[in-house]
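The chain contents come next:
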Amino acid sequence: MKKVVLIGELGEIVRSLNECLEGEFQVQLCPEQLENVKALVKITKPDIIIICQIGIEEIDNAIFAWIQERCPQTPTLGITTSEGWKQCREFYKMEQFDVMFRPVSKKELLEKCHQMLDSSGFGRQKEENAGHSQGKRKIMLVDDSALLLRSMKSMLEKYYTICLAKSGEQALKLIPKEKPDLILLDYEMDGMDGKSTFEAMKADEDMRWIPVVFLTSIADRKAIYSVLKSKPDGYILKPPDVDRIFETIEEIFENRKL
């Protein structure tokens, strides 16, 4: 049986995670102090480390640094919120570390752990196709620039299932099939632009619930007002910054849960 060290505040959430894991893994619970982590990891030699940031106001980044330095081949999963991700994002961008956002179901947690244990090179899963994406939220990227689509896909595909559309018309055809959880939509496209695409979505009973974030390269006040007048769930200026994209996406998902 594979061994897990589960680091976190020893309360209800960590106990719940332990209950999810203990049928398939040998789990050792560990308080979030660095000295405790060092001692237990050295003794246990876990196959995977899980760090639960829920309930911890600010986790000691030295835990991540120590794991990276002393256990570089041990896949490490963080269970966190968007705020927790911001505190530790320099580590979550590394291949050794992966992340899940609350709430996390038992099925999703077990799938993620097995995926990380079975993968080679941590972030580069063996299944590049359908199988490995289970449990991830799906995001549709809509832009008439193939270069930007490739760039944004590479930014986000570790954390989300990504589908692409090269025009507003194509997006409207794909949305019923793909059923994305969120859409990043270029505001200034040739042909059917972002505004028209958004209006068509809002007029459709099956599409109107999907959150939309506009991408725009025009930063003057009048243009931004025009974007916001459509009442999207957010907007991001081009060229997009990965941290800004990630924070916007997770903030929307957190608000939807509330």
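Above this text is the structure in question.
Here's a quick rundown of the structure. (Residues numbered from 1 in each chain as written. Predicted model: local features only at pLDDT ≥ 70, side-chain atom pairs only at ≥ 80, totals over all residues. Heavy atoms only, no water.)

1. Here we look at the overall build of the protein
Counting secondary structure elements, the protein contains 10 helices and 10 strands. Split into buried and exposed, the 258 residues of the protein put 48% on the buried side. Counted over contacts in the protein with a minimum sequence separation of 6, partners at least 24 positions apart contribute 61%. A total of about 13200 Å² of accessible surface is found on the protein, and carbon and sulfur atoms cover 48% of it. (Helix = DSSP H or I, 4+ residues; strand = E, 2+ residues; numbered from the N terminus. Buried < 20%, exposed > 50% of the residue type's maximum accessible area, 1.4 Å probe, protein only. Contact = heavy atoms within 4.5 Å. Areas by Shrake-Rupley, 256 points an atom, 1.4 Å probe, with all protein chains shown as cover.)

2. Some points on the nonpolar core
If you look at the biggest cluster of nonpolar residues, it comprises 42 residues, and the most contacted ones within it are Ile7, Ile67, Tyr160, Leu184 and Ile249. It is helix H10 (residues 242-257) that contributes the most residues to this core, five residues altogether. With near-sequence residues (within four places) excluded, Leu184 lies in contact with Ile139, Met140, Leu141, Val142, Met152, Leu156, Val213, Leu215, Ile245 and Ile249. Membership of the second largest hydrophobic core comes to 19 residues, among which are Leu6, Phe25, Val27 and Ile48. (Core = buried A, V, L, I, M, F, W, Y, C linked by side-chain atoms within 4.5 Å.)

3. Considerations on the packing of helix H7 (residues 168-178) against helix H8 (residues 194-202)
Remark: H7 packs on H8, axes separated minimally by 9 Å, with the N-to-C direction vectors making an angle of 25°. Looking at the two axes, H7 sits roughly parallel to H8. The element H7 and its partner H8 pack so that their crossing is right-handed. Residues Gly168, Leu172 and Ile175 of H7 pack against Thr197, Ala200 and Met201 of H8. (Axes fitted to C-alpha atoms, helices over the stretch in contact; angles between N-to-C directions. Parallel < 35°, antiparallel > 145°, perpendicular 65-115°, else oblique. Left-handed = near helix turned anticlockwise from the far one by under 90°.)

4. What to know about helix H1 (residues 12-21)
Count 3.6 residues to each turn of an α-helix, and residues three or four apart come out pointing the same way. For H1, the set of buried residues is Val14, Leu17, Asn18, Cys20 and Leu21. Down the axis of H1, the smallest arc covering the buried residues is 160°, so these residues share one side. Exposed side of H1, more than 90 degrees from the buried face: Glu12 and Glu19 are the residues found there. Of the surrounding secondary structure, the elements contacted by the buried residues of H1 are strand E1 (3-7), strand E2 (26-30), strand E3 (48-52), strand E4 (76-80) and helix H5 (106-118). (Arc of directions from axis to C-beta.)

5. Regarding the packing of aromatic side chains
To describe a pair of aromatic rings, one takes the distance between the centres and the angle between the planes. The final tally for this structure, using the stated rule, is 11 aromatic pairs. Between Tyr160 and Phe253, the ring centres sit 6.5 Å apart and the planes meet at 55°, which makes this aromatic pair tilted. Residue Tyr160 is found in the loop between helix H6 (146-156) and strand E7 (161-165), and its partner Phe253 is found in helix H10; the two are separated by 93 residues along the sequence. We classify Tyr160 as buried; its relative accessible area is 3%. Put simply, the rings of Trp85, Phe101, Tyr159, Tyr160, Phe246 and Phe253 touch in pairs and so form one group of aromatic residues. The residue whose ring lies beneath Arg137 is Phe253, and the NZ or CZ to ring-centre distance is 4.2 Å. (Phe/Tyr/Trp six-rings, centres within 6.5 Å; stacked < 30°, edge-to-face > 60°. Lys NZ or Arg CZ within 6 Å of the ring centre and 35° of its normal.)

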